[in-house]
Amino acid sequence: MVRRTRSGGGWQDRGMSISFPRQHARTRRFTLGVPRAFTVSPDGQRVFFLRTKSGVDPVTCLWRYDVPTGAETLLADPAALGADEQDLPPEERARRERTRESAGGIVGYATDNACTAAVFALAGQAYRTELATGETRELPTATPVIDPRLDPTGSRVAYVAGRALRVLDLDTGSDRALAEPENELVCYGLAEFAAAEEMGRFRGYWWSPDGTTLLVERSDESPVNRWHIADPANPGTSATEVRYPAAGTPNADVELILLTVDGARTPVDLGDFPYITEVSWSSDLLVTTQSRDQRTVKLSTVDPETAAVTTVRTDSDPIWLDIVPGVPARTGSGHLVWTADQEDARRLLIDGEPVTPPSLQVRGVNSLDGDTVLFTASEEPTEIDLWSYGPGGLERIAAGGVHSGQTSGGTTVVIGHRLDADGVSVRILQQGKEIGTIASLAERPAIAAPRVELIRAGERELRTAVLLPTGHQPGSGPLPVLLDPYGGPHAQRVTAARAGYLTSQWFADQGFAVVITDGRGTPGRGPAWDRAVHGDLATAVLEDQIEGLTAAAERYPDLDLARVGIRGWSFGGYLAALAVLRRPDVFHAAIAGAPVTDWRLYDTHYTERYLGDPTADPAPYDRSSLLDDAEKLTRPLLLIHGLADDNVVAAHTLRLSSALLAAGRPHSVLPLSGVTHMTPQEVVAENLLLLQVDFLVRSLGGVTPAGLAV
């Protein structure tokens, strides 16, 4: 069992050169040094990817892997380019916040179709790298540059600067705006907040295959309510004004426009659906739109010459329809790739016909190689397998963990996490056989390997993970319990991937039994399971946490149900506060990080999917709110919130704190100055873990867990 002592600026693990909290923070949760963002060349001979130079280096570089030889080549290094990212443009900071990007350097890139060159933005400048030689040069563009992308032929670069969509001709050096904003609230070429935060769409423009035309989003934030995010630690700094589309309030007005490189402009009439969820432009131009209540999705084709819109199919559901990554798409032969919920399963469709069985839950489409579709799916919800469907039928490529991948030219990159191995593996396959690997440079965690057991808890067979202190022997003494869930839609905590349990094991090694349960509403178990939280985000998710805890205690008698704490962030923070407010008979202390406390303050696309329109029916919002429960608090509650958070704004915590104060209920609030919904700052991330342990030790009956030296 790990023992800790206080030393200088924090806790140090005895016998180790660095404490886990410091390492966890310094490595950005062990994501630095991990290869990602793979592109496979059309001939399958080269793989391009991003990776930092080590597990503690926060600067991301562009690399090439040569398939025939297995050699890795550094193509573009921000340090060699002399880039300084201290003053990123606000649009780029917002993009990184939406994508939860915690590293710096080259955090995204785009190639031409032949993979001869790549472009990327760095410190507001655009760069072009020759992928054969690594020769990199700065491009003569307007600045600051956001999201540069080569056209498929490699002759032009489109990008956003000053909210205008611009195109640079690489042959002539001519650079001009194809669309300029009419006022400061209009933007061309960037995804609006709702799309980037909730729909998984981070792009705002798309090139035609021949490189002569672009489909461009025009967003107008004029209708969106103005909110202000202040920096109380610096009273001389003006508050930042943001346009935040809270539930039941107006969204940005979004439309699509066809722009030719010679300046012709044609609007696209997509009807009255406000959400543009995805665009795919290969053999034809496909656009999916969604109704405000998210019960209807329309797939349309757009004629690039006339902008005429033709409906291909319309899907509907009485509760809601999810957005599935990677669709729509076309195979090399022109077959339509789509998904649909049938027989309580998300199934892969080719030209409208299901090609996966109801026993397989499709998670998303990763890429296409001719007529072969590479996708992820689950038979067991804790595992995400990599599959392909093509002329040879359905084939499982990788199983037994959490996998993803990319394919082109007969080469497949398989990215895998397993429960029995540290970190990530990146394997290169051809004809189903491994021919090489791409190295992960991530650091090895300075703790023992997570001791995790996955169980099926209760009548619903809730997927639950249980972690005990390293070296703990059954019957050696009661353990206080810490629930460590997310517990809400769109995110799983209980998966067959060791990397997801590192922090939980560290908490366990401080003397806790850690229990993590994925209840109703979490992904991977089918549409009916997902929709069980419709109209009420509180009742079912809390019931399932209690059921998971009870089942774990039956299996592990050392769990002390008289000392149960719960911690979480975002939805998990909401769930933690909910637990001590509504079930103090079960939960004895809670740490709620960045919690949603009043769903009327959260955004339209996420919240209205589950709770509807609060102006039409406020009852689901009342059922799910924490504010009216403030007077019920009888247990220790620590609220943590970043004051610069523009996703779950600090008003959530402040309003709950005010309600608790009005009810005379003691509680603690930890405000984080300058911190957003992420906590990438090293000192902040490290000490947040340490402070949470101290709070739990003090709160759970005043008993110090075994093995914790104080």
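Above this text is the structure in question.
Every value quoted in this text rests on a predicted model; they were computed, and no experiment measured them.

**Thoughts on the sheet that holds strand 10 (residues 125-130)**
Right, on to step 1. Taken together, 4 strands build an open sheet; the order of strands is 8-9-10-11 and the sheet is antiparallel. Each end of this open sheet is capped by a strand with a single partner; those strands are strand 8 (110-111) and strand 11 (136-138).
Right, on to step 2. Where strand 10 lies against strand 11, 3 bridges are found, and the strand directions are antiparallel. Each residue of the ladder has a partner; that of Tyr127, found in strand 11, is Glu138.

**Quick notes on the sheet that holds strand 14 (residues 164-169)**
Right, on to step 1. The antiparallel open sheet is built from 4 strands, whose spatial order is 12-13-14-15. The open sheet has two free edges, formed respectively by strand 12 (146-150) and strand 15 (175-179), since each of these has just one partner strand. Adjacent strand axes in the sheet meet at a mean angle of 25 degrees, parallel and antiparallel pairs treated alike.
Right, on to step 2. Examined bridge by bridge, strand 14 and strand 15 share 4 bridges and lie antiparallel to one another. Within strand 15, the position partnered with Arg166 by the bridge is Ala177.

**Comments concerning helix 11 (residues 651-662)**
Right, on to step 1. Over its 12 residues, helix 11 extends 16 Å from the first C-alpha to the last, a length consistent with the 16 Å expected when each residue adds 1.5 Å.
Right, on to step 2. Buried within helix 11 are the following residues: His652, Thr653, Leu656, Ser657 and Leu660. End-on view of helix 11: buried residues confined to an arc of 125 degrees, all on one side of the axis. Facing away from the buried side of helix 11 by more than 90 degrees, the exposed set consists of Leu661 and Ala662.
Right, on to step 3. If you follow the buried residues of helix 11, they end up packed against strand 45 (637-642) and strand 46 (668-672).

**Concerning the side chain of Thr412**
Right, on to step 1. Looking at where Thr412 falls in the secondary structure, it is placed in strand 36 (residues 411-417).
Right, on to step 2. Its relative accessible area of 13% is what places Thr412 among the buried residues.
Right, on to step 3. There is a polar contact of 3.1 Å between the side chain of Thr412 and the side chain of Thr407.
Right, on to step 4. Look past the residues within four positions of Thr412 in its chain and what remains in contact with it is Leu374, Gln406, Thr407, Arg427, Ile428 and Leu429.

**As for the packing of helix 7 (residues 539-555) against helix 8 (residues 571-582)**
In a pair of packed helices, the angle between the axes and the distance between the axes together describe the arrangement.
Right, on to step 1. Remark: helix 7 packs on helix 8, axes separated minimally by 10 Å, with the N-to-C direction vectors making an angle of 75 degrees. On the basis of the axis angle, helix 7 is roughly perpendicular to helix 8. Residue-level inspection shows Val541, Leu542 and Gln545 of helix 7 in contact with helix 8, the latter providing Phe571, Leu575, Leu578, Ala579 and Arg582.
Right, on to step 2. Its residues placed into classes, the contact of helix 7 with helix 8 shows 6 nonpolar, 1 polar and 1 charged.

**Side note on the packing of aromatic side chains**
Two descriptors summarise a pair of aromatic rings, namely the distance from one centre to the other and the angle between the planes of the rings.
Right, on to step 1. Counting across every chain of the model gives 17 aromatic pairs.
Right, on to step 2. Members of the aromatic cluster, joined through ring pairs, are Trp320, Tyr486, Phe571, Tyr574, Trp599, Tyr602, Tyr606 and Tyr610.
Right, on to step 3. Here Lys298 stacks its cationic end above the ring of Phe273, 4.9 Å away from the centre of that ring.

**Section: unusual backbone geometry**
Right, on to step 1. A cis amide bond, omega -5 degrees, links Thr143 with the succeeding residue Pro144.
Right, on to step 2. Of the consecutive residues Val327 and Pro328, the connecting peptide bond is found in the cis state with omega at 10 degrees.
Right, on to step 3. Tracing the backbone shows Pro328 in the loop between strand 26 (309-316) and strand 27 (329-330).
Right, on to step 4. We note that Cys115 has phi near 60 degrees; this positive angle belongs to a residue other than glycine.
Right, on to step 5. For Cys115, the location among the structural elements is in the loop between strand 8 and strand 9 (117-122).
Right, on to step 6. For Cys115, a relative accessible area of 2% corresponds to the buried category.

**Section: the pairing of strand 34 (residues 393-398)**
Right, on to step 1. The pairing of strand 33 (residues 385-390) with strand 34 spans 5 bridges and is antiparallel. When the sheet's bridge partners are listed, Gly390 is paired in strand 34 with Gly393.

**As for helix 12 (residues 682-699)**
Right, on to step 1. Over its 18 residues, helix 12 runs 26 Å from end to end, which matches the ideal 26 Å to within 8%, given 1.5 Å per residue.
Right, on to step 2. Of all the positions in helix 12, only Ala685, Glu686, Leu688, Leu689, Leu690, Gln692, Val693, Asp694, Phe695, Leu696, Val697 and Ser699 are classed as buried.

**Considering the side chain of Thr607**
Right, on to step 1. Structurally, the position occupied by Thr607 is in helix 9 (residues 604-611).
Right, on to step 2. With near-sequence residues (within four places) excluded, Thr607 lies in contact with Ala247, Trp599, Tyr602, Gly612 and Tyr621.

**Things to note about the nonpolar core**
Right, on to step 1. Grouped together as the largest cluster of nonpolar side chains are 61 residues, with contacts concentrated most on Leu559, Phe587, Trp599 and Leu637.
Right, on to step 2. Tallying contributions element by element places helix 8 first for this core, with 9 residues.
Right, on to step 3. The residues touching Leu637, leaving out its near neighbours within four places in the chain, are Ala577, Val580, Ala590, Ala592, Leu660, His667, Ser668 and Phe695.
Right, on to step 4. In terms of nonpolar packing, the next biggest core, distinct from the first, is built from 30 residues, Phe20, Ala589, Leu689 and Val693 among them.

**Some points on the pairing of strand 18 (residues 213-220)**
Right, on to step 1. With 8 of 8 residues buried, strand 18 is to be regarded as a mostly interior element.
Right, on to step 2. Alternating positions in strand 18 separate into two faces, Thr213, Leu215, Glu217 and Ser219 on one and Leu214, Val216, Arg218 and Asp220 on the other, with burial throughout.
Right, on to step 3. Here strand 16 (residues 186-188) pairs with strand 18 via 3 bridges, running antiparallel. Among the inter-strand pairings, Val186 is bridged to a residue of strand 18, identified as Asp220.
Right, on to step 4. Two successive antiparallel strands, strand 17 (residues 205-207) and strand 18, enclose a turn made up of 5 residues, where Gly211 displays a positive phi of approximately 75 degrees.

**Some points on the environment of Phe38**
Right, on to step 1. Assignment of secondary structure puts Phe38 in strand 3 (residues 36-40).
Right, on to step 2. Assessed through its relative accessible area of 11%, Phe38 is described here as buried.
Right, on to step 3. Residues Phe38 and Arg64, spaced 26 residues apart in sequence, show a C-alpha to C-alpha distance of 9.7 Å.
Right, on to step 4. Excluding anything up to four places from it in sequence, Phe38 contacts Val47, Phe48, Phe49, Tyr109, Gln406, Val413, Ile415, Val426 and Ile438.

**Regarding the pattern of salt bridges**
Right, on to step 1. If you walk through the whole model with that rule in mind, you get 48 salt bridges.
Right, on to step 2. For Glu343, the salt bridge is made with Arg347, and the minimal N-O distance between the two is 2.8 Å.
Right, on to step 3. For Glu343, a relative accessible area of 60% corresponds to the exposed category.
Right, on to step 4. Classification of Arg347 as buried rests on a relative accessible area of 9%.
Right, on to step 5. Here Arg444 and Asp422 are joined by a salt bridge, their closest N and O atoms 3.4 Å apart. On the criterion of sequence distance, the pair formed by Arg444 in the loop between strand 38 (433-438) and strand 39 (452-457) and Asp422 in the loop between strand 36 and strand 37 (425-430) is long-range, its members being 22 residues apart.
Right, on to step 6. Through salt bridges that share partners, Asp317, Asp322, Asp341, Arg346 and Arg531 make up one connected network.

About the thresholds
Residues numbered from 1 in each chain as written. Predicted model: local features only at pLDDT ≥ 70, side-chain atom pairs only at ≥ 80, totals over all residues. Heavy atoms only, no water. Pairing = 2+ DSSP bridges. Helix = DSSP H or I, 4+ residues; strand = E, 2+ residues; numbered from the N terminus. Axes fitted to C-alpha atoms, helices over the stretch in contact; angles between N-to-C directions. Expected span 1.5 Å × (residues − 1). Buried < 20%, exposed > 50% of the residue type's maximum accessible area, 1.4 Å probe, protein only. Arc of directions from axis to C-beta. Contact = heavy atoms within 4.5 Å. Polar contact = N/O pair within 3.5 Å; in protein donor to acceptor, adjacent residues only side chain to side chain. Parallel < 35°, antiparallel > 145°, perpendicular 65-115°, else oblique. Nonpolar A, V, L, I, M, F, W, Y, C, P; charged D, E, K, R; others polar. Phe/Tyr/Trp six-rings, centres within 6.5 Å; stacked < 30°, edge-to-face > 60°. Lys NZ or Arg CZ within 6 Å of the ring centre and 35° of its normal. Core = buried A, V, L, I, M, F, W, Y, C linked by side-chain atoms within 4.5 Å. Salt bridge = Lys/Arg side-chain N within 4 Å of Asp/Glu carboxyl O.

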